[in-house]
Amino acid sequence: AQSVAQPEDQVNVAEGNPLTVKCTYSVSGNPYLFWYVQYPNRGLQFLLKYITGDNLVKGSYGFEAEFNKSQTSFHLKKPSALVSDSALYFCAVRDPRWVTGGGNKLTFGTGTQLKVEL
Amino acid sequence: DARVTQTPRHKVTEMGQEVTMRCQPILGHNTVFWYRQTMMQGLELLAYFRNRAPLDDSGMPKDRFSAEMPDATLATLKIQPSEPRDSAVYFCASAPGLGEEKLFFGSGTQLSVL
């Protein structure tokens, strides 16, 4: 079965510094990978996805993610963090069994709390 | 601005009572998901519908949980009888389907079973 792992429960970064939120994946076949963000008392919001093509994927709010097949990683990055980026970030992988059927069943990681301080 | 609407936002009930959570997916979306979020288990997929038909409900305890889509504008998740371990935030999400991978989440129902 497919899975993603987020090894850090929390990441602390000073505003203006670059940030990285880590994610590794395990899936048979080509991976379909996603990042979502959750602000307090809200549902998850889509940030970006990797399906195929360039290993560096750009998404919303200045975030990007780097796909590394050899390391089975899909780390989320931002060159300069903002206090408003503080939130819970989820990595997710699409179940490959649903791909041909056009489905989009996702398995989420446990989440990483990002805290950006002044 | 289209959004997924969930009601109620908060529900406090006593063990043994029936709980019904409702979701209005974005108009035109034909896939609907129910997720449960807890500190211990994170996000768990409970059920998945396409064109109102259940495609996967393997993550849902069948003895007490049921999920339905009476029509294209309403999805329901029921728990009967509820137990304290059901306390969690329940999210509904919808997607256009046909390969669209972006899910749109509602704001969730915070359920507390005493």
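Our structure's up above, just so we're on the same page.
Summarised in this report is the structure supplied together with it. Every chain is numbered independently, its residues counted from 1 as its sequence is written. Here the convention is simple: chains get letters from A, ligands get numbers from 1, in the order in which they are written. Given that this is a predicted model, residues contribute local features only at a pLDDT of at least 70 and side-chain atom pairs are listed and counted only at 80 or more, while totals for whole chains, interfaces and linings are drawn from all residues. The side-chain values count all of the structure's non-hydrogen atoms but skip hydrogen atoms and water molecules.

**Here's the deal with the overall build of chain B**
To keep things clear, this is the line we draw: Put simply, DSSP H or I for four residues or longer makes a helix, DSSP E for two residues or longer makes a strand, and each gets a number counted from the N terminus. In this setup the radius of gyration rests on C-alpha atoms only. A globule is expected at 2.2 Å times the number of residues raised to 0.38. For every residue, the accessible area obtained with a 1.4 Å probe (protein chains only) is divided by the maximum for its type, and the residue is called buried under 20%, exposed over 50%, and partly exposed between those limits. What makes two residues a contact is simply this: any of their non-hydrogen atoms within 4.5 Å. For every accessible area listed, the method is Shrake-Rupley and the probe measures 1.4 Å; residues are considered covered only by the protein chains on display. In this count, Lys and Arg are taken as positive residues and Asp and Glu as negative ones, while His and the chain termini are left out. For charged residues, the charge sits on one atom: NZ in Lys, CZ in Arg, CG in Asp, CD in Glu.
A count of helices and strands for chain B gives zero helices and 11 strands. In chain B, the succession of helices and strands from N to C terminus is β-β-β-β-β-β-β-β-β-β-β. In terms of overall dimensions, chain B is globule-like: its C-alpha atoms have a radius of gyration of 13 Å, near the 13 Å expected for 114 residues. Here chain B holds 114 residues, and the buried ones make up 49% of them. Taking all contacts inside chain B whose residues are at least 6 apart in sequence as the whole, residues at least 24 apart take part in 53%. Of the roughly 5600 Å² of accessible surface on chain B, 50% is carried by carbon and sulfur atoms. For chain B, the distance from the average site of its 12 positive side-chain charges to the average site of its 13 negative ones is 3 Å.

**Observations concerning the pairing of strand β5 (residues 42-50) of chain B**
Consecutive residues of a regular strand have side chains that alternate between opposite faces of the sheet. Residue and element names in this part refer to chain B. How we decide: Each pair of strands is called paired provided DSSP finds at least two bridges between the two strands.
For β5, a buried count of eight out of nine residues is recorded, marking the element as mostly surrounded by other parts of the structure. Bridging between strand β4 (residues 31-38) and β5 involves eight bridges; their strand directions are antiparallel. Bridged to V32 within β5 is F49. Linkage of β4 to β5, two consecutive antiparallel strands, is achieved through a turn of three residues.

**A look at the packing of aromatic side chains**
Aromatic ring pairs are defined here through the distance separating the ring centres and the angle between the ring planes. The line we're drawing: Geometry of aromatic contacts follows a simple scheme: Phe, Tyr and Trp rings, the Trp one being its six-membered ring, pair when their centres are within 6.5 Å, and the pair is stacked under 30 degrees between planes, edge-to-face over 60, tilted otherwise.
Following the criterion strictly, the structure yields 14 aromatic pairs over all chains and no others. Residues Y36(A) and F105(B) carry aromatic rings whose centres are separated by 5.9 Å and whose planes lie at 75 degrees to one another, so their mutual orientation is edge-to-face. Of this pair, Y36(A) sits in strand β5 (residues 33-38) while F105(B) is found in strand β10 (residues 104-105), placing the two residues in two different chains. Residue classification places F105(B) among the buried residues on the basis of a relative accessible area of 10%. Here the aromatic residues Y36(A), F46(A), F90(A), F108(A), F33(B), Y35(B), Y48(B), F91(B) and F105(B) are joined through ring pairs into a cluster of three or more.

**Here we look at the side chain of S94(B)**
Residue and element names in this part refer to chain B. Put simply, the rule is: Any N or O atom pair separated by 3.5 Å or less is treated as a polar contact, with the protein-specific requirement of one donor-capable and one acceptor-capable atom, and with residues adjacent in sequence counted only for side-chain atom pairs.
Relative to the assigned elements, S94 resides in strand β9 (residues 88-95). In this structure S94 comes out as buried when scored by relative accessible area, which is 0%. At a separation of 3.4 Å, a polar atom in the side chain of S94 contacts the main-chain amide nitrogen of I26.

**Quick look at the sheet that holds strand β8 (residues 74-79) of chain B**
Residues and elements named next belong to chain B. For the record, the criterion: Throughout, an axis means a line fitted to C-alpha atoms (over the contacting stretch in the case of helices), and angles, computed between N-to-C directions, take values from 0 to 180 degrees.
In spatial order, the strands read β1-β3-β8-β7; together these four strands make up an open sheet with antiparallel pairing. The open sheet is flanked by β1 (5-7) and β7 (65-71), the only strands paired with a single partner. Within the sheet, the average angular offset between the axes of one strand and its neighbour, ignoring direction, is 20 degrees. With three bridges joining them, β1 and strand β3 (residues 19-24) adopt antiparallel strand pairing. Its bridge partner lying in β3, Q6 is registered against C23.

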